Amino acid sequence: MPVNMAGCTTDCVEKPISICFQKFGRFVGTYPWWFFISPLLISAVLGTGFCLLEDREANDIEDQFTPVNGPAKQERRFVQQNFPQNDSLFSNQRLYTDGVYASFIAVTKSSNILTDAAFREIVILDRKVKELNVSTGHEVLTFEGLCARRYKKCIPNKILDIHKYYGENLEATELSFPFFRFGFSYIFLGYSVGGVNLNSSIIKSAKSVRLFYFLKEDNRTRTDLWLNEFLKVFPSNLSLNSIKVTHSTSLSRQVEFEANTKDVIPLFSITYVIAIAFSILSCLRFDCVRNKVWVATFGVFSAGLAVLSSFGMMLHIGVPFVMTVANSPFLILGIGVDDMFILISCWQQTNVHDRVETRLSNTYKEAAISITITTLTDVLAFYIGLMTPFRSVRSFCLYTSTSILFCYIYSITFFGAFLVLNGRRENSNKHWLTCKEVPEECAVGQSKWYELCCIGGAYDRHTGSEEVQPMNHFFKKYYGPFLTKSWTKVFVIVFYCIYLIVSIYGCFQIQEGIDLRNLAADDSYVVKYYDNEKAYFSEYGPNIMVVIRQEFPYWDEKYMSDLETCIEDFKNLSFIEKDIFTSWIKSYKYYGYHTKLNLSAEDVFKENLGTFLRFYSDFKQDVNFTNNSIHASRFFIQTVNISTALDEMNMLNKLRDTAQKCPVPLLVYHPAFIYHDQYAVIVTNTIQNIAVTTAVMLLISLLLIPNPLCSLWVTFSIASVIVGVTGFMALWDVNLDTISMIILVVCIGFSVDFSAHISYAFVSNKKPSANEKAVEALFNLGYPILQGAVSTILGVVVLSASKNYIFRTFFKIMFLVIFFGLFHGLTFIPVFLTFFDMCNGTPAENKSGPEEQAMKKSYTNNIAKDGDVKEREIYDNHTFQSDNHQTCPSQPCSDIWMIAGNNHSVQDNHVCLASTVPMFRVDGQTYEVHMYEPSDDVMLKVNCQSKQRVEGQNCVSGNSNHIQDSGLPTPNCSELTIL
């Protein structure tokens, strides 16, 4: 298929697709009931997959919201293999998981919690926790039986031991912070006492106390039962006068996250009602025959069937159903309704007198590229999202892309079939509600209400299509001309520059990573606990283990010098507390110094290490000393002031960079790093997905939009919308996390939708100027695009009322995507296209687009006269014929045209012409056309010399001298006969 670069067009892919859809539309129109019933049966069968929903739910936070095979997971495996936990010597510092625990934070109602009154209430809560028990069969589960132990005793809360020792004198006791010497040991208070007010290192007052109750990890079923009981009864039926209490457990985040599904179910019901209501209002007509109420209803129903079928099929296949997938139906509803509006718009432009199968055939021919482009771009955007390392994103993309495919299929089968069935009703001029035949004309004397309710079937007498809706006229008569004024274009350019500046500024303000507290509902008890934790206990962050991951000569001074240098590098980091450092090798050297051991000798070092580890049992868990070799060991450093996602990201990156630069093979690990790993991949993954998707979108645009330059404009629109959404979402307090990453991929698909519609309509119409092209594109597609955008926003607007961060984030970003996409499609792109209209050349080979029915093919014929070849342009089957050419030998002409030159340059001629083309061009000269509809069966003779306009006359006025000089055959008759 040739590519016409002169006209900037290529239709090698677009044209065959349109033809195929035209044939398919005729097939659907011929057998509508098959295509109407089949999707219903398919949906009923596939919908049985929802019976498996409970089994397919996969809401494990670590599994779904952290990178698959992230570095921290590999580090955890290494720690787990080399430093197994010792249940008899529990140490929360040495856990390679978050642990199993219950906790509560007590916050004083006064200025100081270190009072006897406050601690009496804290002790009551402590006793209540320890008295909790759960009956399971013949066994009673108690805290004493399940607690993590150290030397056969449950792990105590040392702050309670301090209170028990000092009693009423606690407030007067000088407690040093963060370490307090109690008995023969030092107690770290950084995790137990918060909101401290210090005088030097002595606590003057404190706002909060936090207690932990650690359980053994050997039997999670039993411990989970006890923790659930803790959540049920704590802190109910308590009258607390001095403190306020918040509580949480190691299960709370997961339990609260899974509870979010209950929040979204009623929201989807509301959304469906809103979508149906909006669609009906948009398709409401003050014509009881042409009314599209049922069409709108079944259009929304078609989107619902797509969700039922796709989700059911995915559940049957075994694809995990993650919480993020619950956002998908809201999105699909908007996409399905958008396709519905495009199809209805094209259907209304077909001739009402044609057979319904012909009308559907023409509808599909015109709408094929539009809905195919939008479907392909959306589906591919989501399939590309499968490259992400987050399982929650993969599940969402897989469910949503499959739903979009079903939505597309059902739009051209189920919905198309209903258009045919509804068209049959309209052809019989039957009422939309009663299905009774009604008259087309209102009898004299009837009221307006009677005409509104009982008269219908109106259509445009000139075009034969349904009457144009008022909103389409608004775009053509008001908005389009306003937008193409010079001063308006200047304002749009200035406004776009402001938009771009603000967007780029926002991009530099974006925060990375998902705050785990946001996985729970806003009113959840666990959110209050996290708020108190952040407010009072953020000064001391996680205690990081630094692991020497290979055999290392600890006795060699040279190698130890390298290790000491690395340790100093860690201590010099801004977020590391230098004075809090736990190291077995440091203690071993201290032990060797006091026992007069030469630890510089390998044999002495190894021989005495076992004895040292028996005396200092905690350090035994820090050294993998087997077969007389130290395979791995670890030490601990303390972080401080880690309170924001940015702090967490910087901490992780700098710790890993420091470990990598060290000549000693090191790794750093903490259980929280499992979740912090998202910072390492989320930006690069987002950029990768956006770049690949944008490239694919450009390829699709080049193939399906018959204009390479406008394909570039589509790509420009994608980039512009992405920058805008990213910048403004940062200004709207939305982080770049796994949730927003999903929507940014969606952003690409939707930005293509809006810009592709307008760009395609612009290049497909044959208006002579760029401004007229822009107005015509807005006239044909402005209203359907607006309808689609509003329907999509309505599809997600109820999520703004959700108590859950995931759903609210989905709404925020989708709102930005649709709003900016709509603004680009209806404002920026039309204006930019008028500045860069490079495709206003020869209209040969231009093909009509899905949004422009008034455009037909033009051809170039060569005719010879007196042996010379002269080029003659023929437009839309309108031909200037020579006087010896018989135009209508076998059929009467519906319209006869007079070419008015001067008095002496007109001959009799019979020419069949349509009445829809505004002007002709002959050898570069433009001739204005004045069109008048002839009366039926009228025989008139027009005297050309009189130049009078007679009923039925169509005049083509021009410069007769140019006609004579052009070399074209000159007519020499003096009158024109109209048949």
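Structure's up top.
Residues numbered from 1 in each chain as written. Predicted model: local features only at pLDDT ≥ 70, side-chain atom pairs only at ≥ 80, totals over all residues. Heavy atoms only, no water.

Enquirer: Looking at this structure, I do not really get the overall build of the chain. What am I missing?
Expert: Each helix and strand counted, the chain has 31 helices and 27 strands in total. Taken over 979 residues, the chain has a buried fraction of 54%. In the chain, once contacts between residues fewer than 6 apart in sequence are set aside, the share between residues at least 24 apart is 78%. Of the roughly 43100 Å² that the chain leaves accessible, carbon and sulfur atoms contribute 56%. (Helix = DSSP H or I, 4+ residues; strand = E, 2+ residues; numbered from the N terminus. Buried < 20%, exposed > 50% of the residue type's maximum accessible area, 1.4 Å probe, protein only. Contact = heavy atoms within 4.5 Å. Areas by Shrake-Rupley, 256 points an atom, 1.4 Å probe, with all protein chains shown as cover.)

Enquirer: Hey, could you run me through helix 14 (residues 356–384) in this one?
Expert: Given 3.6 residues per turn, any residue in an α-helix points the same way as the ones three and four places further on. Here helix 14 spans 39 Å end to end across 29 residues, near enough to the 42 Å set by a 1.5 Å rise per residue. Along helix 14, the sharpest change in direction is near 50° and occurs at Ala367. The element helix 14 is largely enclosed, with a buried count of 24 among its 29 residues. (Expected span 1.5 Å × (residues − 1). Bend = angle between axes of the 7 residues up to and from the residue.)

Enquirer: Got a minute to help me understand the packing of aromatic side chains in this structure?
Expert: Applying the stated criterion to the full structure yields 79 aromatic pairs. Pairing Phe321 with Tyr399 gives two aromatic rings, centres 5.7 Å apart and planes at 90°, and the pair type is edge-to-face. Here Phe321 is found in the loop between helix 12 (293–317) and helix 13 (328–348), whereas its partner Tyr399 is found in helix 15 (residues 391–427), with 78 residues between them in sequence. The ring of Tyr675 has Arg253 sitting right over it, with the charged end atom 5.1 Å from the ring centre. (Phe/Tyr/Trp six-rings, centres within 6.5 Å; stacked < 30°, edge-to-face > 60°. Lys NZ or Arg CZ within 6 Å of the ring centre and 35° of its normal.)

Enquirer: Looking at this structure, how should I read the side chain of Asp287?
Expert: Mapped onto the elements of the fold, Asp287 is located in the loop between helix 11 (261–283) and helix 12. At 2.9 Å, the side chain of Asp287 forms a polar contact with the backbone nitrogen of Val289. Discounting residues that sit within four places of it in the chain, Asp287 has contacts with Gly456, Gly457 and Ala458. (Polar contact = N/O pair within 3.5 Å; in protein donor to acceptor, adjacent residues only side chain to side chain.)

Enquirer: Where do I start with the state of the cysteines in this structure?
Expert: A full pass over the atoms with the stated rule returns two disulfides. Here Cys147 connects covalently by a disulfide to Cys154, the sulfurs 1.9 Å from one another. What sets the handedness of the Cys147 and Cys154 disulfide is the S-S torsion sign, and at about -65° it is left-handed. This pair shows no difference in class: Cys147 is buried, exactly as Cys154 is. What pairs with Cys566 in a disulfide is Cys662, and their sulfur atoms sit 1.9 Å apart. (Disulfide = S-S within 2.5 Å.)

Enquirer: Could you clarify how one ought to interpret a nonpolar patch on the surface in this entry?
Expert: Where nonpolar side chains cluster on the molecular surface, the patch consists of Phe27, Tyr31 and Trp34 and spans about 400 Å² of accessible area. Inspection of the secondary structure puts Trp34 in helix 2 (residues 32–46). By relative accessible area, Trp34 is classed as exposed at 63%. (Patch = residues over 30% accessible without salt bridge, like charges linked within 9 Å, V, L, I, M, F, W, Y side chains within 5 Å. Salt bridge = Lys/Arg side-chain N within 4 Å of Asp/Glu carboxyl O.)

Enquirer: Just checking my understanding: could you explain unusual backbone geometry for this structure?
Expert: The phi angle of most residues is negative, glycine excepted, and most peptide bonds adopt the trans form. For the bond running from Phe177 to Pro178, omega is 10°, close enough to zero to count as cis. Here Pro178 is to be found in the loop between helix 8 (158–166) and strand 8 (179–182). Even without a glycine there, the phi angle at Tyr151 is positive, about 55°. The topology assignment puts Tyr151 in the loop between strand 6 (149–150) and strand 7 (153–154). Owing to a relative accessible area of 53%, Tyr151 belongs among the exposed residues under this scheme.

Enquirer: Sorry if this is basic, but what is going on with the pairing of strand 5 (residues 139–142) here?
Expert: Put simply, side chains in a regular strand alternate between the two faces of the sheet. Note that strand 4 (residues 133–136) and strand 5 share four bridges and pair antiparallel. Bridge pairing in strand 5 links Val134 to Leu141. (Pairing = 2+ DSSP bridges.)

Enquirer: Can you walk me through the pattern of salt bridges in this structure?
Expert: In the structure shown here, the tally under the stated rule is 24 salt bridges. Asp622 is paired through a salt bridge with Arg94; the nearest N and O atoms lie 2.9 Å apart. With a gap of 528 residues between them, Asp622 in the loop between helix 23 (617–620) and strand 17 (623–626) and Arg94 in the loop between helix 5 (71–82) and strand 3 (100–108) connect regions that are remote in the sequence. In this structure, Arg149 engages Glu144 in a salt bridge whose closest nitrogen and oxygen atoms are separated by 3.6 Å. Three or more residues are tied together by salt bridges with common partners; here these are Arg290, Lys292, Arg359, Arg425, Glu426 and Glu466.

Enquirer: How should the environment of Asp339 be read in this particular structure?
Expert: Secondary-structure assignment places Asp339 in helix 13. The spacing of Asp339 and Gly788 is 449 residues in sequence and 7.7 Å in space, taken between C-alpha atoms. Filtering out sequence-adjacent residues up to four positions away, Asp339 remains in contact with Ile371, Thr374, Thr375 and Ser411.

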